[in-house]
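Listed here are the chains, written in short residue letters.
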Amino acid sequence: MIHSGLSAAAILDRVSRLPLATLAAEAAAMRDAAHPRLVSYSRKVFIPLTRLCRDVCHYCTFAERPRPGAAPYLTRDEVLAIARAGAAAGCQEALFTLGDKPELRYRAAAAALAALGFPSTIAYLAEMCRTVAAETGLLPHVNPGVMSGDDLALLRPVSVSMGLMLESAAERLMAPGQVHHGSPDKHPAARLETIRLAGERRIPFTTGILIGIGETRAERIEALLRIDALHRRYGHIQEVIIQNFRAKPGTRAAAAPEPDLDDLRWTIAVARLIFGPAMNLQAPPNLSPATYPALIRAGLNDWGGVSPVTPDHVNPEAPWPETAALAAGTAAEGRVLVARLALYPAYVADAERWVDPALRPRLLDAADAAGYARLDRWSPGLAMAVMPWPAPLLAEVDGTVRRLVARACAGGRLAEREIATLFAVRDRDFRYVIDAADALRRTVSGDTVRYVVNRNINYTNICYFRCRFCAFSKGKTSQDLRGTPYDLALEEVVRRTREAWARGATEVCLQGGIHPDYTGATYLALCRAIKAAVPEMHIHAFSPLEVRQGAATLRIGLGEFLAELKSAGLGSLPGTAAEVLDDPVRTVICPDKLDTAAWLEVVASAHRVGLCTTATIMFGHVEDASSWARHLLRLRDLQQETGGFTEFVPLPFVPLEAPLYLRGRARRGPTLREAVLMHAVARLTLHPLLPNIQTSWVKMGVDGVKLCLGAGANDLGGTLMNESISRAAGTQHGQELPPTQMHDIIAGLGRRALQRDTLYRPAPAERAAAAAAAPPLAPVVETPVGDPDALSRLARRIA
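In this report, we go over the structure that sits alongside the text. These figures come from a predicted structure and were not determined experimentally.

### What about the overall build of the chain?
Argument step 1. Looking only at helices and strands, the chain has 31 helices and 18 strands in total.
Argument step 2. Relative to the 2.2 N^0.38 estimate, which gives 28 Å for 799 residues, the radius of gyration of the chain is 30 Å and therefore close to what a compact globule would have.
Argument step 3. By principal-axis analysis of the C-alpha atoms, the chain measures approximately 100 × 60 × 45 Å.
Argument step 4. Among the 799 residues that make up the chain, the fraction classed as buried is 61%.
Argument step 5. The long-range fraction of contacts in the chain, counting pairs at least 24 apart against all pairs at least 6 apart in sequence, stands at 78%.
Argument step 6. Just so you have it, the chain exposes about 29000 Å², and 54% of that area is on carbon and sulfur atoms.

### Let's talk about the packing of helix H16 (residues 416–423) against helix H26 (residues 672–686)
Argument step 1. Contact geometry of H16 with H26 gives a least axis separation of 9 Å together with a crossing angle of 140°. Of the possible angle classes, the one that applies to H16 and H26 is oblique. Note that H16 runs across H26; the crossing there is right-handed. Residues Ile419, Leu422 and Phe423 of H16 pack against Arg673, Leu677, Met678, Val681, Leu684 and Thr685 of H26.
Argument step 2. Here the residues of the contact of H16 with H26 are counted per class, giving 7 nonpolar, 1 polar and 1 charged.

### With respect to the sheet that holds strand S14 (residues 570–573)
Argument step 1. Taking strand neighbours across the sheet as the criterion, the 6 strands line up as S11-S12-S13-S14-S15-S16 in an open arrangement whose pairing is parallel. Either end of the sheet is taken by a strand with one partner, and the two such strands are strand S11 (454–458) and strand S16 (645–652). Strand-to-strand twist of the sheet, defined as the mean angle between neighbouring strand axes without regard to direction, takes the value 25°.
Argument step 2. The pairing of S11 with strand S12 (residues 507–511) spans 5 bridges and is classified as parallel. Across the sheet, the residue bridging to Arg455 is Val508, located in S12.

### So, the side chain of Arg667
Argument step 1. Structurally, Arg667 is set in the loop between helix H25 (659–662) and H26.
Argument step 2. A relative accessible area of 4% means that Arg667 is categorised as buried.
Argument step 3. Non-local contacts of Arg667, meaning those with residues more than four positions away in its chain, are made with Leu364, Ala367, Asp368, Ala369, Gly620, His621, Val622, Glu623, Trp628, Phe653, Pro655 and Tyr661.

### What about the sheet that holds strand S17 (residues 715–718)?
Argument step 1. Read from one edge of the open sheet, 3 strands run S17-S10-S18, paired in parallel fashion. Two strands close off the open sheet at either side, each with one partner strand: S17 and strand S18 (752–756). With strand direction ignored, the average angle separating the axes of adjacent strands in the sheet is 20°.
Argument step 2. As paired elements, strand S10 (residues 448–452) and S18 share 5 bridges and run parallel to each other. If you follow Tyr451 over to S18, its bridge partner there is Gln755.

So, how was this worked out
Residues numbered from 1 in each chain as written. Predicted model: local features only at pLDDT ≥ 70, side-chain atom pairs only at ≥ 80, totals over all residues. Heavy atoms only, no water. Helix = DSSP H or I, 4+ residues; strand = E, 2+ residues; numbered from the N terminus. Rg over C-alpha atoms; globule rule 2.2 N^0.38 Å. Buried < 20%, exposed > 50% of the residue type's maximum accessible area, 1.4 Å probe, protein only. Contact = heavy atoms within 4.5 Å. Areas by Shrake-Rupley, 256 points an atom, 1.4 Å probe, with all protein chains shown as cover. Axes fitted to C-alpha atoms, helices over the stretch in contact; angles between N-to-C directions. Parallel < 35°, antiparallel > 145°, perpendicular 65-115°, else oblique. Left-handed = near helix turned anticlockwise from the far one by under 90°. Nonpolar A, V, L, I, M, F, W, Y, C, P; charged D, E, K, R; others polar. Pairing = 2+ DSSP bridges.

These results come straight from atomic positions and should not be treated as a statement about function.
Listed below in structure tokens is the structure:
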């Protein structure tokens, strides 16, 4: 990286000594430190709100003069028509490009604004951004020219990012005969001040230089240094564009020479060396067709906006490349083309700082866990078909990915950053990871897919904890979420248990809210009542949160309470309430719940008294791949110590009714790729310590679990009979998946089905026969709050 203290002349002297191939190689190596495999682009629609402009740049064909009969501005309906076409074509960005302050030069513009009811072009732009975001969901990015602090403040609540090309820092280009003569808004000082003000206001910003307009190479470097200085101060420059001048007929610069490919590559490489690895460097692909590999080798990592709907109105002679051609050209250099949003991933990850609250819900809704664009509508819980994975374009698997997979398959412990690398894979690397996980599954557990016939019994939905993702729990009298508050009568719990046994179950899984009246005696009473009614039934019950609360209410230690539960009939614990074992994430999603250390303490205590547990992760909301990696490592380390986990169960966040999502503070669950990868990476990361990876049909749906069973999973979980928690969150995949359907799914994959018990032993033949002949379920009774026979009162009497 070139030291920022050097002058433009000194930098030019240094880089001029290097052959272009050497310079480009150094730049590409620097880029790879932060952007090793991906080249991004934004799928956008281009909205030219007005082509009137008070400036007269000598190379521009975008700007026009007022013409009789031609409206100075697009109408609201015209703007929405363009935006809706873009949304229908899968765009995520609405790029507003327009002339600079035309009302200051043209009476027609001022009159048109007055007729529309707006005092300025900026005010009208703000309203159109607000309209497009509200009506289409597209994320606005605006390029309205030089802006004041007030202009920026007006636009920030309605646009996720803004842009202004510096173009050049050379004031001499303002002189007569130069390209910017007669264009007051092209003065470098004015443009740099706008960029500075954007930094003060925490606005993610795009800028760059235009090469070949009469500047020297030293002047290019000076412009880049000015941008770099502002970015070092404010951190708001999310991308720098290196745009090559294209001569256009009918302009004063029509005969000017265009920079050649080597000149463009040289400038990209120098920019990379100035800005360092992390900066996003872009060169428009439509201005340099058929040169994609050469530009990538010079150090860029982004192609900018590409529209499937609208032309490049600034360079109409240069059509956008087809996305498939751009992806193929990118893959030729061993890179994966990935769609991004108008906001780059680093700014998506810190949206509370960089994005106005009004826009954050849409931003999170459009983003994946890495901050890139999610391109399909799949979401956990939705009953919708899954699309097949696209054919990979990369010729080779990344060497780092190969090495990490090999080490994991040999039983090695991967580091956090290495696990995050596996979660980031795409294209052929993605296929390699899921295939490797599936091969490892075959080695560890063969082609048998196991499932358990069980029944979920959620004994109360009253809870005094305030987990922000939960749509199941209710306050003591709350009626504002799905369903009504209930507190099951003990007789109903017992009835459901007996019915489950008659239908072939070997397990009842009991969990509920943390009722303010419950004590440890409540949980002991539940176990004793079930064992008294059906002694053979395995009780799989009570999350670490319930265990901790039960011990605290009885004023005894965790180990003592767990031993009492075991004596009362408890057979194992579900490893729920884990969510994500990363406290910064827990602070957001469940701030009053037990922290990571406390969860691990309860689970370790259970293992020490001889109670096995499952392990879970609830993912796809506010966390990222680093959080997933930390979670998996904490499970692996505990399993290394105790050996008490029976299986790992990824639980994709179902957002449909979740308060955190409805309030615009979470993503809408993992993408399908992320959900499948969770199973695959868990198989690799937890090997050889945890042999069973379960996939949740309630969350993933039938098509989704088929994919997971081909990506490292070996278990389909429980038939459930009743399912309340995911259903409250909005899942559409039903409450029961009976054994016949389990067998059909498994047989369709060419695998063998086996009914198991909770501890992964084959279920007795008698249980399998009963499950195959199970009668329909009787209606359940949800005991209303206040019923005199409610469980909480009975438990106190029994105790």
